[in-house]
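Observations on the model geometry
The lines below spell out each chain.
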Amino acid sequence: MPDSKREDACFPRLQLFVLGRSETMRRAIENAQALGDVEVIDVRQYPDRAEAAHILATPTLISLETESTVRIVGDLNDLEAVRYHLGLPSEGSRHKNKDPGEHG
Amino acid sequence: VTGIMSDRDIVSTLALDRLAEGVLLIDDSGMIAYANSEAAHLFGKSLEDLLGTAFSLPVRTEDEVEIYIPSAQGRVLTVQMQVVPLDADGKSLSLISLHDVTTVIEAKRALEAERRALEDSNRNLEEFASAISHDLQQPLNTIAGLLQILEMNAKDRLTEDDKASIDSAVKGILRMNDMIHGLLNYAWIHAHGQPMEPVQGRKILDKAVANLRGAIDAAGAIVTFEPLPTFLGDESQLVSLFQNLIDNGLKYRSPDRVPSIHVTVDTRDPGQAIVSFKDNGIGIPRESFKRIFSTFKRLQDNASCPGVGLGLAICKRIVERHGGSIWLESQLGAGTTFHVALPQEMQMLSKGMSTAKRAAGPT
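Residues numbered from 1 in each chain as written. Chains lettered and ligands numbered in written order. Predicted model: local features only at pLDDT ≥ 70, side-chain atom pairs only at ≥ 80, totals over all residues. Heavy atoms only, no water.

Quick notes on the packing of aromatic side chains
Residue and element names in this part refer to chain B. Put simply, the rule is: Only centres within 6.5 Å qualify two rings of Phe, Tyr or Trp (six-membered ring in Trp) as a pair; their planes then separate them into stacked at under 30 degrees, edge-to-face at over 60, and tilted for everything else. Helix and strand definitions follow DSSP, with helices as H or I runs of at least four residues and strands as E runs of at least two, each counted in order from the N terminus. Burial classes: relative accessible area under 20% of the type maximum marks a residue as buried, over 50% as exposed, and values in between as partly exposed (1.4 Å probe, protein chains only).
Tallying each qualifying case throughout the model produces 4 aromatic pairs over all chains. Measuring from ring centre to ring centre gives 5.2 Å for F242 and F277, while their planes differ by 80°; the resulting arrangement is edge-to-face. Of this pair, F242 sits in helix 8 (residues 235-251) while F277 sits in strand 10 (residues 272-279), and the two are 35 residues apart along the sequence. The pair F242 / F277 is uniform in exposure class, with both members buried. Within the aromatic cluster, the residues linked to one another by ring pairs are F231, F242 and F277.

So, the nonpolar core
Keep this limit in mind: Residues grouped as a nonpolar core are buried Ala, Val, Leu, Ile, Met, Phe, Trp, Tyr and Cys residues, joined through side-chain atoms within 4.5 Å. Contacts are assigned to residue pairs with any non-hydrogen atoms lying within 4.5 Å of each other.
In terms of nonpolar packing, the biggest core is built from 44 residues, with B:L241, B:F242 and B:L245 touching the most fellow members. No other element matches helix 8 of chain B, which puts 7 residues into this core. Those residues in contact with B:F242, other than ones at most four positions away along the chain, are B:I204, B:L205, B:A208, B:L228, B:F231, B:V275, B:F277 and B:L342. Counting 30 residues, the second largest nonpolar core, distinct from the first, contains A:A28, A:A32, A:L86 and B:V76.

Remarks on the interface of chain B and chain A
Worth spelling out the cut-off: Put simply, buried area is the surface a 1.4 Å probe can reach on two separate parts but cannot reach once they are joined, added for both. Should a side-chain nitrogen of Lys or Arg be within 4 Å of a carboxyl oxygen of Asp or Glu, the pair is scored as a salt bridge. A 3.5 Å cut-off defines polar contacts: any pair of N or O atoms within that distance qualifies, except that in protein one atom must be a possible hydrogen donor and the other a possible acceptor, and neighbouring residues in sequence count only when both atoms are side-chain atoms. The classification used treats Ala, Val, Leu, Ile, Met, Phe, Trp, Tyr, Cys and Pro as nonpolar, Asp, Glu, Lys and Arg as charged, and all other residues, Gly among them, as polar.
Chain B puts 20 residues into the contact, and the matching count from chain A is 19 residues. Looking only at chain B, the three residues that lose the most surface to chain A are B:L57, B:V59 and B:Y68, adding up to 36% of its buried area. If you look at where chain B meets chain A, you find 0 salt bridges. The tally of links from chain B across to chain A stands at 5 residue pairs in polar contact (both at pLDDT 80 or more). When residues of the side of chain B that touches chain A are assigned to their parent elements, the largest contribution, 6 residues, is made by strand 3 (residues 65-70) of chain B. Counted by class, the side of chain B that touches chain A contains 15 nonpolar, 2 polar and 3 charged residues.

Brief notes about helix 4 (residues 79-86) of chain A
Where burial is concerned, most of helix 4 of chain A is hidden: 6 out of the 8 residues are buried. Looking at the packing, one finds that the buried side of helix 4 of chain A touches strand 1 (14-18), helix 2 (23-33), strand 3 (60-63) and strand 4 (70-73) of chain A.

Regarding a negative patch on the surface
The condition that has to hold: Exposure above 30% relative accessible area and no salt bridge define the residues that can form patches, which grow by joining like charges within 9 Å and nonpolar side chains of Val, Leu, Ile, Met, Phe, Trp and Tyr within 5 Å. We get accessible surface area from the Shrake-Rupley algorithm with a probe of 1.4 Å; when it comes to residues, only the shown protein chains can shield them. Neither His nor the chain ends contribute to the count of charged residues, in which Lys and Arg are positive and Asp and Glu negative. Charged groups are reduced to one reference atom each: NZ for lysine, CZ for arginine, CG for aspartic acid, CD for glutamic acid.
A surface patch of like charges, here negative, comprises A:D78, B:E62, B:D63 and B:E64. Following the sequence through the fold, B:D63 ends up in the loop between helix 3 (47-50) and strand 3.

Notes on the confidence of the model for chain A
Residue and element names in this part refer to chain A. Under the convention used in this document: Per residue, pLDDT captures the predictor's confidence, and it can take any value from 0 to 100.
Per-residue pLDDT for chain A has a mean of 78; in total, 74% of the residues score no lower than 70. Across residues 1-9 the pLDDT falls below 50, and counting only partners more than four positions away or on other chains, this stretch makes 3 contacts in the model. Overall, residues 94-104 carries pLDDT values under 50, and its contacts beyond four positions in sequence, including any with other chains, amount to 14 contacts.

Side note on the packing of helix 8 of chain B against helix 9 (residues 311-321) of chain B
Residues and elements named next belong to chain B. As a reminder of what qualifies: Only the contacting stretch of a helix is used when fitting its axis, a line to C-alpha atoms as for every element, and angles between N-to-C directions run 0 to 180 degrees. Rotating anticlockwise by less than a right angle from the far helix to the near helix defines a left-handed crossing, while the corresponding clockwise rotation defines a right-handed one.
Running from N to C, helix 8 and helix 9 cross one another at 145°; their axes reach a closest spacing of 9 Å. For the element pair helix 8 and helix 9, the recorded crossing hand is left-handed. Facing helix 8, whose interface residues are Q237, S240, L241, N244, L245 and N248, helix 9 presents G311, L312, I314, C315, I318, V319 and R321. Its residues assigned to classes, the contact of helix 8 with helix 9 shows 7 nonpolar, 5 polar and 1 charged.

Describing the sheet that holds strand 12 (residues 335-343) of chain B
Residue and element names in this part refer to chain B. Worth spelling out the cut-off: Pairing between strands is defined by DSSP: at least two bridges between them are needed.
Read across the open sheet, the 5 strands follow the order 7-9-10-12-11; overall the sheet is mixed. The outermost strands of the open sheet, each flanked by one partner alone, are strand 7 (222-225) and strand 11 (325-331). Strand after strand, the sheet turns through a mean of 15° between neighbouring axes, direction not considered. In this structure, strand 9 (residues 260-266) lies alongside strand 10, joined through 6 bridges in antiparallel fashion. Looking across to strand 10, one finds that H262 is bridged to K278. Lying over the sheet, helix 8 contacts strand 7, strand 9, strand 10, strand 11 and strand 12, oriented at roughly 170° with respect to strand 12.

Details of the pattern of salt bridges
Tallied over the full model, the rule gives 19 salt bridges over all chains. Ionic pairing is found between A:R13 and A:E39, a salt bridge with its closest N-O pair at 4.0 Å. Taken together, the positions of A:R13 in the loop between helix 1 (2-10) and strand 1 and A:E39 in strand 2 (residues 38-42) put the pair 26 residues apart, joining distant regions of the chain. B:R116 serves as the salt-bridge partner of B:E112, at 3.4 Å between the closest nitrogen and oxygen. Here B:R116 and B:E112 lie together in helix 4 (residues 102-153), a separation of 4 residues that amounts to about one turn.

Next up, the structure:
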């Protein structure tokens, strides 16, 4: 399935900065994982990384692989809007192999 | 924020800076274009530091989203965030409001911890009470049984003094049994309480009087009462409350006159009824008013007065569980009146009052 492989390659590497495992955090992690591979970083465990990434609040999703750094604060419940910002095809049109850069 | 500010801008900036809510304006690339003082305060940064910093790409929120802001002191602020898109002069901006709910959440958590501790202590009390019932009552029953056997088997060899000793021992056992039961009842007021429901006052009084029938008849006492409203409470506990208060009048009766207990009701205060139990007994000295409601305090340590002094402590605990209060008036040698304020069922209020008017006077 070369198509799906190419699509996978389009997923940017994601980092999710969290703080603890509250309801909001669990929801954010779940949503972020629906977008692809995500590295979950607890700011209490890695304060240096949080500072280097200029994290103001948690949860913050960061994608470093887009043209300019994408960051989104919140529980990421509106996955469609998050996909839009990340330049990812929306869930409904994924199989149409939409150009991921279309919105970016 | 930059350039020449109009009067209107200055006014709105001043107003925003006085808000207790953090406000950010972000552009469509996620940069902070404006922050008010409270927002800077929440993030622990200066306004200059915040302006131009990337915060978040705008994702409109349906409901408030909870976010957490770690502070330098290791404290974490819990903040409710709302993102609303604005369209200002063709530029798309988003308004982010940040409402600090940390203290509310901390208070809630503290309250929850307290509630749990209370639950634990209630459970401990319950366990303690059942330990008492099993571990203390059983040997007591054994001793009582053995004493009876001893009395039967050694009947001919026992002197009058021996028999009196055995009698005292049995009385002691019965008294201790009463104490154990009293303690159990006291401990179970919270742990075994039933939910609050409307209960007719008359039903409570009838049950209490029925339970005391023997003692009332033995004392030749007269119990009279006014029409009672419908209370909001735990029926069996209210019965035990009424019973204890009437019983108190019987126990501490004056030897000089026919004991009488008159129950009156004051329903003028909506929501709560004050029930008063007036007796013509020996009275209670003023300095003992507080003491009588504490556990194991008995005023008159007289063998002729049965009971273990837990009655009024149980009454107080029951009344407190109902959110009410109990107090008394007394005149030495003339009698005592106990007043109990109890929540009454609101819907029944008008009905209860009209009944009171129709059938005035003691029944």
